[in-house]
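Okay, here's what each chain looks like letter by letter:
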Amino acid sequence: MAFQCQRDSYVQEFVTTVVSCSPCELSLERASGKKEKVKGFEVILKDTVLFPEGGGQPDDRGTLGGVPVLRVTRRGAEAVHFVASAVEVGSSIQLKVDWDRRFDHMQQHSGETKEEELGRQYSTIELNTAMVKAGEVEALENAVNDKIRAAVPITIELLFLDDPAVQQVRSRGLPDDHSGPIRIVNIEGMDSNMCCGTHVSNLSHLQLIKILGTEKGKKNKTNLIFMAGNRILKYVEKSYNRERSLTDLLTSGVDDHVEAVEKLQNAVKGLRKSNLNLLRDMAVLIAQNFKSDPNRGNLFCLHRCVKDGDAEFMNIIAKEIGTEDTILFLTVGEERGAGLFLLAGPVDVVDRLGPRVAELLEGKGAGKKGRFQGKTSCMGRRAGVKALLQEHSQNLRL
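In the nomenclature of an unreviewed UniProt entry, the chain corresponds to Alanyl-tRNA synthetase domain containing 1 from the organism Scleropages formosus. Quoted verbatim from the Cofactor (unreviewed entry) heading of the UniProt record, the comment on the chain is "Zn(2+)".

Draft legend 1. Examining the overall build of the chain more closely. Looking only at helices and strands, the chain has 8 helices and 18 strands in total. The C-alpha atoms of the chain give 32 Å as radius of gyration, which overshoots the globular expectation for 398 residues (21 Å, by more than 25%). For the chain, the spread of C-alpha atoms along the principal axes amounts to about 95 × 55 × 40 Å. Taking all 398 residues of the chain together, the buried fraction comes to 39%. If you take every contact in the chain between residues at least 6 apart in sequence, the share linking residues at least 24 apart comes to 62%. For the chain, the exposed surface amounts to about 23000 Å²; the carbon and sulfur share of it is 50%. Computed over 54 positive and 54 negative side-chain charges, the separation of the two mean positions in the chain equals 7 Å.

Draft legend 2. Focus on the UniProt feature "coiled-coil region" (unreviewed entry) in the chain. UniProt feature "coiled-coil region" (unreviewed entry): in the numbering of this structure it lies at residues 254-281. For residues 254-281, helix accounts for 89% and strand for 0%, while the C-alpha atoms at its two ends are 41 Å apart.

Draft legend 3. The arrangement of the nonpolar core in detail. Within the largest apolar cluster, 19 residues are counted, with the highest numbers of intra-cluster contacts made by Val 43, Leu 45 and Leu 64. Of all elements in the fold, only strand 1 (13-29), strand 2 (35-45), strand 4 (67-75), strand 5 (78-83) and strand 6 (92-97) reach the threshold of two or more residues within this core. The greatest single-element share of this core, amounting to 3 residues, is contributed by strand 6. If sequence neighbours within four positions are ignored, Leu 45 has contacts with Thr 16, Thr 17, Val 18, Val 19, Leu 64, Ala 79, His 81, Ile 93 and Leu 95.

Draft legend 4. Quick peek at the packing of helix 4 (residues 230-250) against helix 5 (residues 257-291). Where helix 4 contacts helix 5, the two axes come as close as 11 Å, and the packing angle between them is 50 degrees. Considering their axes alone, helix 4 and helix 5 lie oblique with respect to each other. Crossing of helix 4 against helix 5: the hand is left-handed. Of the residues in helix 5, those touching helix 4 at Glu 243, Leu 246, Thr 247 and Leu 250 are His 257, Ala 260, Val 261 and Leu 264.

Draft legend 5. Up close: the pairing of strand 4. As judged from the 3 bridges shared by strand 3 (residues 62-64) and strand 4, these two strands associate in the antiparallel manner. Within strand 4, the position partnered with Leu 64 by the bridge is Val 67. Connecting strand 3 to the antiparallel partner strand 4 that follows it, the hairpin turn spans 2 residues, and Gly 65 within it adopts a positive phi of roughly 60 degrees. Inspection of the sheet shows strand 4 paired to strand 5 by 6 bridges, in the antiparallel sense.

Draft legend 6. Region of interest: the state of the cysteines. Applying the stated criterion across every chain, the model contains 0 disulfides. Its sulfur unpaired, Cys 21 is 8.8 Å from the next cysteine sulfur, which belongs to Cys 24. By relative accessible area, Cys 21 is classed as partly exposed at 21%. Cysteine Cys 378 is unpaired, with the sulfur of Cys 301 as its nearest cysteine sulfur at 18 Å.

Draft legend 7. Quick look at helix 6 (residues 311-321). Those residues of helix 6 lying buried are Phe 313, Met 314, Ile 316, Ile 317, Ala 318 and Ile 321. On its buried face, helix 6 sits against helix 5, strand 14 (299-304), strand 15 (327-333), strand 16 (339-344) and strand 18 (371-376). Remark: Gly 322 follows helix 6 within two positions and exhibits a positive phi of approximately 90 degrees.

Draft legend 8. Up close: the UniProt feature "domain: Threonyl/alanyl tRNA synthetase SAD" (unreviewed entry) in the chain. Summarizing the sequence annotation, UniProt attributes the feature "domain: Threonyl/alanyl tRNA synthetase SAD" (unreviewed entry) to residues 182-225 in the numbering used throughout. In residues 182-225, helix accounts for 0% and strand for 50%; the two terminal C-alpha atoms are 29 Å from one another.

Draft legend 9. Fine view of the pattern of salt bridges. Using the criterion set out here, one finds 16 salt bridges in the structure. The partner of Arg 71 in a salt bridge is Asp 59, and the shortest N-O contact between them spans 3.6 Å. Within this pair, whereas Arg 71 is found in strand 4, its partner Asp 59 is found in the loop between strand 2 and strand 3, the two being separated by 12 residues in sequence. Asp 59 gets classed as buried once you look at its relative accessible area, which sits at 3%. In this structure, the salt-bridge partner of Arg 101 is Asp 59, at a minimum N-O distance of 3.6 Å. With a gap of 42 residues between them, Arg 101 in helix 2 (residues 99-112) and Asp 59 in the loop between strand 2 and strand 3 connect regions that are remote in the sequence. Judged by relative accessible area, which is 26%, Arg 101 ranks as partly exposed.

Draft legend 10. Geometry of the sheet that holds strand 15. The mixed open sheet is built from 5 strands, whose spatial order is 14-15-16-18-17. On the outer flanks of this sheet lie strand 14 and strand 17 (364-368), each paired with one strand and no other. Between one strand axis and the next, the sheet turns through 10 degrees on average, direction left out of account. As paired elements, strand 16 and strand 18 share 6 bridges and run antiparallel to each other. From the neighbouring strand, Leu 340 faces strand 18, where its bridge partner is Lys 375.

Conventions adopted
Residues numbered from 1 in each chain as written. Predicted model: local features only at pLDDT ≥ 70, side-chain atom pairs only at ≥ 80, totals over all residues. Heavy atoms only, no water. UniProt positions renumbered as here; feature names shortened; annotations may be inferred. Helix = DSSP H or I, 4+ residues; strand = E, 2+ residues; numbered from the N terminus. Rg over C-alpha atoms; globule rule 2.2 N^0.38 Å. Buried < 20%, exposed > 50% of the residue type's maximum accessible area, 1.4 Å probe, protein only. Contact = heavy atoms within 4.5 Å. Areas by Shrake-Rupley, 256 points an atom, 1.4 Å probe, with all protein chains shown as cover. Lys, Arg positive; Asp, Glu negative; His and termini not counted. Charge placed at Lys NZ, Arg CZ, Asp CG, Glu CD. Core = buried A, V, L, I, M, F, W, Y, C linked by side-chain atoms within 4.5 Å. Axes fitted to C-alpha atoms, helices over the stretch in contact; angles between N-to-C directions. Parallel < 35°, antiparallel > 145°, perpendicular 65-115°, else oblique. Left-handed = near helix turned anticlockwise from the far one by under 90°. Pairing = 2+ DSSP bridges. Disulfide = S-S within 2.5 Å. Salt bridge = Lys/Arg side-chain N within 4 Å of Asp/Glu carboxyl O.

Here it is in structure tokens:
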């Protein structure tokens, strides 16, 4: 069967009947990209205006009786709606579509003309060629936008598999669990292909297509990256606001932004190089100061905040002081948060105490040849390590 959303993509509200409602658990992807398991209910309806994910197009969102629909998937000929609370089986219920999301998908999906990847920001089409020249991209964009201005109609046709007309349309094949009529999307005079997704009724509703560029695809093919319709308007708005912010930050005009950033990057590289040289000099001085102390013991502990040191800083100090007769516990990072640590000294001592140091810092590390390095998120536990090392340095004959 074809769902109401496939018969008419512009329907935004619809009253239908609840066929079943059963408890389930679903893995949902949050805005952060992390997946979270959520308990709820799978609801199957007699018909739906919410498109289930398929054909390269994401699923719709909306409400079912005022309750948010968190996911819509296809199971055979049925659309499965995931909601957080139960609904009464047999009851009539109203469905509402999140129109902004739906119309965005209609624009991008119709703009593809072939089923590829409809992304959150950009969409892509895979071209059967190793490269596309700049002039060809411009010509293609102009030709497509000419068709948009001409308001070329898009029509939907339902055919059965044994209809001879099915052999004349482009297709990537049908799902194994497909049943019922086949849905054909016709762009008059341009394209005819099998597609289950939602589409605009004519190309003028795309408003505009902008080809952003190309990238190397798989198997010697090329991916064409583009936007359509409202996404372009939002992209222009974001780009303009970004330009204004950069103009204030860089104190330069829009045309000079790249040059201004390049100057800043070169300046930062120079400062990093100078900072590294200073750190090396500081590490040498710290080591020499310790070695020149006639009352120094056989334990040396030092912590520097993350801005003042790194792994190389610690290694220089260890090399300059030497580890044959001294135990060194060096740390760089936040005062009580995350950072790096280094335990250096006689091989037998480090082999024995290294794992214990990592355990006390609630961190992880590894080592060999008298050095044990690692990371921790509990730099505030350094005092416990120092106490452990003081106890062993007093009892050990180095």
